[in-house]
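# A structural walkthrough
Here is what each chain is made of, one letter per residue.
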Amino acid sequence: MSRIAKQILFDKDIRALEPKKQKYRVVVGNPSELILWVYPSGVKSFALRIRNNDREKNILLKQFRQGIYSAAEARKEAIEKLKIIENGGELNTDKYLFKNLYKSYITQKHKKGQAQSTIKSAQSLCENHLLPHFGNLDAKQIKYSNILHAFNGIFDENNPKSPKLETIKRAKIALRGILAPAIKDRYIEYDPTIGLEKEFPSIRRYCIENDIDTRLAALVKEDDLREFLSDLSVASNMDIQVKRAIYLQILCINRPANTAGAKWKHIDLDTAIWRIPAKEMKMRESVSIAINSYALQILKKQKEEYGILNSEFVFPRLNKKGHIHRDSLSKALRHLANGKWCSKVTTHGFRSTFRTICSTNETTLLKLGIGNNAIEVALAHKTTNAIQYAYEREKSTIEQQAILMQWYGDYLNNLCKFKI
């Protein structure tokens, strides 16, 4: 343990110290490792003098400032740091800078194997809403009131349709994750994010009070679907690959990222099955998609026209590596028919279209031997019941999936003939 110094200085003693031509040090004491450097300029800075294996190291603290940083406060900080040292810890003051904790947070996400899109989203959130406020601060300097002030700047009460409550929720989760090592190391005594959720309305309550439907735009009425498919079929100015990708998205009701990044090695044209491994799925569960005759026609055309590029992707980028971006599909839908379907249709919304059509045609599907399980499998939804997930290895056969997806393709084709 630290030794009790024979000499103990208080604020009045420190104020009386006169500067000299050369800097000098005096022992402040209690603990004896606490010293004070007096500089020719008159600045007086506290430091810890640590001896280890006959070597001496000075760890600078803060300047003495009457009423701001006193001898008593220096003693408190010195004791905290000595406890860390004597418990085998390291005194790395940069380690707990918010920007360095943030870097570790992102590095850990990579090590955990999170999807690149997830990591990129987290980086964008932090760079826009957290780093500008806390980047150069030490974790101890980040207080509840500081965070509340930053989050109040995010909350857009003048835009009732989009007050950014989801952004605040995600920012709080990220902030808590970034500060977690400092909390677990006992570098900071408490989590400064606790209670922030009570400062803002919940997303659910806010949407109810403001009559906001947070679901993605989707077509569910037959007349709208017929009109949309007709517009899509005659869209001559749309890139052919993007157009085919949209058709595939509609017919296979996959997630947009999986459609845009479809790989030939996962698709068996002979058996008409598209198997996507767990690592490429949002819910980290593999999925087998039964390809109906219309989707199969799209894939065969892509193979015939773009197979010469020897790309691993179904929808390759021309003269570049990789595949078309999923946002290309969204952009094309926004501009379809001179913007007619903007805010009415989304790529992900086609999954809602499928789910709704299946629900409203439940009787027909039951006659075909298709129940709710087959529909959920087609949507690649994860089982939320942990026990059921552990024991149930198959909820629907591939034969049932084939019947369901062919029925769905026929249903849409009867509304408007596919021109692919």
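A short tour of the structure in this document, coming up. (Residues numbered from 1 in each chain as written. Predicted model: local features only at pLDDT ≥ 70, side-chain atom pairs only at ≥ 80, totals over all residues. Heavy atoms only, no water.)

### Overview of the sheet that holds strand β7 (residues 287-290)
If you trace the 3 strands from one edge of the open sheet to the other, you get β5-β6-β7, paired in antiparallel fashion. Both outer strands of the open sheet, β5 (267-268) and β7, are each paired with one neighbouring strand and no more. Here β5 pairs with strand β6 (residues 273-276) via 2 bridges, running antiparallel. Following the sheet pairing, I267 is matched in β6 by W274. (Pairing = 2+ DSSP bridges. Helix = DSSP H or I, 4+ residues; strand = E, 2+ residues; numbered from the N terminus.)

### With respect to the packing of aromatic side chains
According to the stated counting rule, one finds 9 aromatic pairs in the structure shown. On the basis of an interplanar angle of 10° and a centroid distance of 3.9 Å, the ring pair of Y96 and Y187 is categorised as stacked. Here the residue Y96 occupies a position in the loop between α2 (71-86) and α3 (98-111), and Y187 occupies one in the loop between α7 (165-184) and α8 (203-209), the gap between them amounting to 91 residues. For the pair shown, Y96 and Y187 are each scored as buried. Where W407 meets Y411, the ring centres are 5.6 Å apart and the plane angle is 35°; that geometry is what we call tilted. In this pair, W407 and Y411 are both assigned in helix α18 (residues 398-415), 4 residues apart and thus about one turn of the helix distant. Owing to a relative accessible area of 14%, W407 belongs among the buried residues under this scheme. Members of the aromatic cluster, each reached through a chain of ring pairs, are F46, F64 and Y69. It is K20 that lies over the ring of Y24; its NZ or CZ is 4.5 Å from the centre. (Phe/Tyr/Trp six-rings, centres within 6.5 Å; stacked < 30°, edge-to-face > 60°. Buried < 20%, exposed > 50% of the residue type's maximum accessible area, 1.4 Å probe, protein only. Lys NZ or Arg CZ within 6 Å of the ring centre and 35° of its normal.)

### Observations regarding the side chain of R351
Checked against the element boundaries, R351 lands in helix α14 (residues 349-360). As a buried residue without a salt bridge, R351 has its nearest oppositely charged side chain in E376, at a separation of 8.1 Å. A polar atom in the side chain of R351 sits 2.9 Å from the backbone oxygen of I253. (Lys, Arg positive; Asp, Glu negative; His and termini not counted. Salt bridge = Lys/Arg side-chain N within 4 Å of Asp/Glu carboxyl O. Polar contact = N/O pair within 3.5 Å; in protein donor to acceptor, adjacent residues only side chain to side chain.)

### Looking at the environment of S145
Tracing the chain through its elements places S145 in helix α6 (residues 144-154). Measuring from C-alpha to C-alpha, the distance between S145 and L196 comes to 9.8 Å, with 51 residues separating the pair along the chain.

### Overview of helix α4 (residues 116-129)
One full turn of an α-helix is made of 3.6 residues, so residues set three or four places apart face in the same direction. Between its terminal C-alpha atoms α4 stretches 20 Å, which fits the 20 Å expected from 14 residues at 1.5 Å a residue. Regarding α4, the residues found buried are I119, A122, L125 and C126. Projection of α4 onto a plane perpendicular to its axis shows the buried side chains occupying an angular sector of 125°, all on one side. Seen from the buried face of α4, the exposed residues on the opposite side, beyond 90 degrees, are Q116, K120 and N128. Contact partners of the buried residues in α4: α3, α5 (131-134) and α7. (Expected span 1.5 Å × (residues − 1). Arc of directions from axis to C-beta. Contact = heavy atoms within 4.5 Å.)

### Quick look at the pairing of strand β2 (residues 34-38)
Here β2 lies mainly inside the structure; 5 of its 5 residues are buried. A two-sided burial pattern is seen for β2, the buried positions comprising L34, L36 and V38 on one face and I35 and W37 on the other. For strand β1 (residues 24-27) and β2, the ladder comprises 4 bridges, and the chain directions are antiparallel. Paired with R25 across the strands is W37, a residue of β2. Between β1 and β2, which pair antiparallel in sequence order, lie 6 residues; one of them, G29, sits at a positive phi of approximately 85°. Here β2 runs beside strand β3 (residues 44-52); their pairing, made up of 5 bridges, is antiparallel. When the sheet's bridge partners are listed, V38 is paired in β3 with K44. Connecting β2 to the antiparallel partner β3 that follows it, the hairpin turn spans 5 residues, and G42 within it adopts a positive phi of roughly 100°.

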